[in-house]
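Residue-level structure breakdown
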Amino acid sequence: HVQLAGILRQIRWADTGDDELDLSGEETGWGLNLSTNLRLGPHVFRGSLVHGQGIQNYMNDANADIGVVLTPNIERPFRGEAIPLTGVVAFLDLNWSDQWTSTVGYAIQINDLPALSTPQSFEKGEYALANLLYHPHPRVFLGPEIQWGRRENFNGFSADDLRLQFSAKYSFSKSLITR
């Protein structure tokens, strides 16, 4: 399937400070998301592309929806602006056999931050993983997974995280409702 979704939202904030400047404001947030699941023989590709402004709160790695920009108006030297965002997700579920599966994937989120962003503001995040899972029974799987993540801040600071984990899952199937 291929699916297109959208969001349109009004964002408002109130300046509760006790000074002569009124920094209250509003912005329109919007976004479009194109996603798909494509069957490729026994395998499935899952992908998504999102782009918009002021929709960061709808992402897993949420940061502020609104950034601060300078204005030439001395009575209102700052204003809020919806931050542009682009995100991509691409994962491939590989079904090698009834007993062996894998998932490999990559995701990225890029926030186009305004110049007055704080140095620790989240600007870009990336994530990738790969696993190999054994299914000895239809309700059981286990196996290793390697994960990598990277965060980049507005000030140029970046950090990588590499993890190796082992997972095991048992799906209970007892129904409390009898027919």
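Scroll up for the structure.
Everything numeric here is computed off the predicted structure, so don't read it as measured data.

Thresholds applied
Residues numbered from 1 in each chain as written. Predicted model: local features only at pLDDT ≥ 70, side-chain atom pairs only at ≥ 80, totals over all residues. Heavy atoms only, no water. Patch = residues over 30% accessible without salt bridge, like charges linked within 9 Å, V, L, I, M, F, W, Y side chains within 5 Å. Areas by Shrake-Rupley, 256 points an atom, 1.4 Å probe, with all protein chains shown as cover. Salt bridge = Lys/Arg side-chain N within 4 Å of Asp/Glu carboxyl O. Helix = DSSP H or I, 4+ residues; strand = E, 2+ residues; numbered from the N terminus. Buried < 20%, exposed > 50% of the residue type's maximum accessible area, 1.4 Å probe, protein only. Phe/Tyr/Trp six-rings, centres within 6.5 Å; stacked < 30°, edge-to-face > 60°. Contact = heavy atoms within 4.5 Å.

1. A word on a nonpolar patch on the surface
- Together, Val 2, Leu 4, Leu 8, Trp 30, Leu 32, Leu 34, Leu 38, Leu 40, Leu 49 and Val 88 line one region of the surface with nonpolar side chains, adding up to about 950 Å² of accessible area.
- With five residues, the single largest contributor to the nonpolar patch is strand S2 (residues 25-40).
- Looking at the secondary structure, you find Leu 34 in strand S2.
- Leu 34 sits in the partly exposed class, given a relative accessible area of 42%.

2. Topic: the packing of aromatic side chains
- Scanning the entire structure with this criterion turns up two aromatic pairs.
- Taking 4.9 Å as the distance between ring centres and 40° as the angle between the ring planes, the aromatic pair formed by Trp 100 and Tyr 134 counts as tilted. With Trp 100 in strand S7 (residues 100-111) and Tyr 134 in strand S9 (residues 133-137), this pair connects stretches of sequence that are 34 residues apart.
- Given the relative accessible area of 27%, Tyr 134 is considered partly exposed.
- Aromatic pair Tyr 170 and Phe 172: ring centres 4.9 Å apart, planes at 80°, arrangement edge-to-face.
- Residue Tyr 170 is classed as partly exposed on the basis of its relative accessible area of 42%.
- Judged by relative accessible area, which is 74%, Phe 172 ranks as exposed.

3. As for the environment of Leu 92
- Inspection of the secondary structure assignment puts Leu 92 in strand S6 (residues 84-95).
- With near-sequence residues (within four places) excluded, Leu 92 lies in contact with Leu 40, His 43, Val 44, Phe 45, Ser 102, Thr 103 and Val 104.

4. Some details on the pattern of salt bridges
- Tallying each qualifying case throughout the model produces seven salt bridges.
- Asp 65 is the salt-bridge partner of Arg 9, the closest N and O atoms lying 2.9 Å from each other. Here Arg 9, found in strand S1 (residues 2-13), pairs with Asp 65, found in the loop between strand S3 (43-53) and strand S4 (66-70); they are 56 residues apart in sequence, far enough to count as distant. For the pair shown, Arg 9 and Asp 65 are each scored as buried.
- The partner of Arg 12 in a salt bridge is Glu 26, with the nearest N and O atoms 3.4 Å apart. Here Arg 12, found in strand S1, pairs with Glu 26, found in strand S2; they are 14 residues apart in sequence, far enough to count as distant.
- Looking at Glu 26, the relative accessible area reads 45%, which means it is partly exposed.
- Because the salt bridges share partners, they merge into one network encompassing Arg 150, Glu 152 and Asp 160.

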